Amino acid sequence: MVFGRSERPRLPTAIKILIAGGFGAGKTTMVGAVSETRPLRTEEVLTDRGIGVDDLTSVEAKRTTTVAMDFGRITLGNDYVLYLFGTPGQERFWFVWDELAEGSLGAVILADTRRLADCFPSVDYFERRGTPFVVAVNCFEGAPTFELDEVRLALQLNPSIPIILCDARKRESSREVLISLVKHSARLRAEPVGSS
């Protein structure tokens, strides 16, 4: 008696992505907006202990901060499952970045034009590691607007690094940023990427 082979279903490729940027840039918001599962958050209330340590310029209304990471997941088509790790933005929590970055495909650096200089540590970190990244300018209401070329110049970015406008509160906008990163990383690795 001959038994037919059953086809195993093809599992999607798991991809780890970091969401980085300065304090208050919208990392937690982006992970929450795009995740198809309830995101894991390690948010703590800002307290008096942060006075003189945390710079709240332009983010005075911020009441919580990520102290370890945010985690979420999104499926792109049938081919990819993206696991999102939002990094803490404050310098005192940067020690967790090395662990979070291990095995990642790349990173999204969220930029807030009210505090553009806060992007420099993220840009420097990923450039030193050789990690592919894109810069997503989070469009905050009332924030100064600049041409993307002006942002590129201010951050001293290589012309090959994608810069995208986004609204981290909106699922579709955040999804487009993630797709841009996956495509950019694949181009750098010269791997074909299926359309989603």
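Quantities reported herein were computed from a predicted structural model and do not represent experimental measurements. (Residues numbered from 1 in each chain as written. Predicted model: local features only at pLDDT ≥ 70, side-chain atom pairs only at ≥ 80, totals over all residues. Heavy atoms only, no water.)

1. Topic: helix α3 (residues 120-129)
Residues of α3 that are buried: S122, V123, Y125 and F126. Seen end-on, α3 carries its buried residues on one side only, within an arc spanning 165 degrees. Among the structural elements, β1 (13-21), α2 (97-101), β5 (106-111) and β6 (133-138) are those in contact with the buried residues of α3. G130, located one to two residues past α3, shows a positive phi value of around 75 degrees. (Buried < 20%, exposed > 50% of the residue type's maximum accessible area, 1.4 Å probe, protein only. Helix = DSSP H or I, 4+ residues; strand = E, 2+ residues; numbered from the N terminus. Arc of directions from axis to C-beta. Contact = heavy atoms within 4.5 Å.)

2. Thoughts on the packing of aromatic side chains
Applying the stated criterion across every chain, the model contains six aromatic pairs. With a centroid separation of 5.2 Å and 85 degrees between ring planes, the pair formed by W97 and Y125 is classed as edge-to-face. Taken together, the positions of W97 in helix α2 and Y125 in helix α3 put the pair 28 residues apart, joining distant regions of the chain. The exposure class of W97 is buried, given its relative accessible area of 4%. Residues Y125 and F126 carry aromatic rings whose centres are separated by 5.1 Å and whose planes lie at 85 degrees to one another, so their mutual orientation is edge-to-face. Residue classification places Y125 among the buried residues on the basis of a relative accessible area of 10%. Using a relative accessible area of 1% as the deciding quantity, one classes F126 as buried. (Phe/Tyr/Trp six-rings, centres within 6.5 Å; stacked < 30°, edge-to-face > 60°.)

3. A word on helix α1 (residues 27-34)
Counting buried positions over the eight residues of α1 gives six, a clear majority of the element. K27, T28, M30, V31, A33 and V34 are the residues of α1 that are buried.

4. Some details on unusual backbone geometry
Note: most residues except glycine have negative phi, and most peptide bonds are trans. Backbone geometry at Q156 places phi at a positive 55 degrees, although glycine is not the residue there. Position of Q156 among the secondary structure elements: in the loop between α4 (148-155) and β7 (163-166).

5. So, the nonpolar core
If you look at the biggest cluster of nonpolar residues, it comprises 25 residues, and the most contacted ones within it are I17, L82, V108 and L178. At the level of elements, β1, α1, β3 (64-76), β4 (80-86), β5, β6, β7 and α5 (171-189) are the ones that each hand at least two residues to this core. In terms of residues, this core owes the most to one element, α5, which gives five residues. Ignoring anything within four residues of it in the chain, the contact list for I17 reads L82, Y83, L84, F85, G106, L178, L181 and V182. Of all hydrophobic cores here, the second largest spans 23 residues; its members include A101, A107, A111 and Y125. (Core = buried A, V, L, I, M, F, W, Y, C linked by side-chain atoms within 4.5 Å.)

6. Things to note about the packing of α1 against α5
Two elements in contact, α1 and α5, have axes whose closest approach is 8 Å; the angle formed by their N-to-C orientations is 100 degrees. Compared by their axis directions, α1 and α5 come out roughly perpendicular. Together, M30, A33 and V34 of α1 and R171, S174, R175, V177 and L178 of α5 make up the contact between the two elements. The residue inventory of the contact of α1 with α5, partitioned by class, reads five nonpolar, one polar and two charged. (Axes fitted to C-alpha atoms, helices over the stretch in contact; angles between N-to-C directions. Parallel < 35°, antiparallel > 145°, perpendicular 65-115°, else oblique. Nonpolar A, V, L, I, M, F, W, Y, C, P; charged D, E, K, R; others polar.)

7. Let's talk about the side chain of D70
Within the element layout of this structure, D70 appears in strand β3. Among the polar contacts listed, one links the side chain of D70 to the side chain of T28, at a separation of 2.6 Å. (Polar contact = N/O pair within 3.5 Å; in protein donor to acceptor, adjacent residues only side chain to side chain.)

8. Some words on the state of the cysteines
Scanning the model with the defined rule gives zero disulfides in all. Counting only cysteine sulfurs, C139 is the nearest neighbor of C166, a cysteine outside any disulfide, at a range of 6.4 Å. (Disulfide = S-S within 2.5 Å.)

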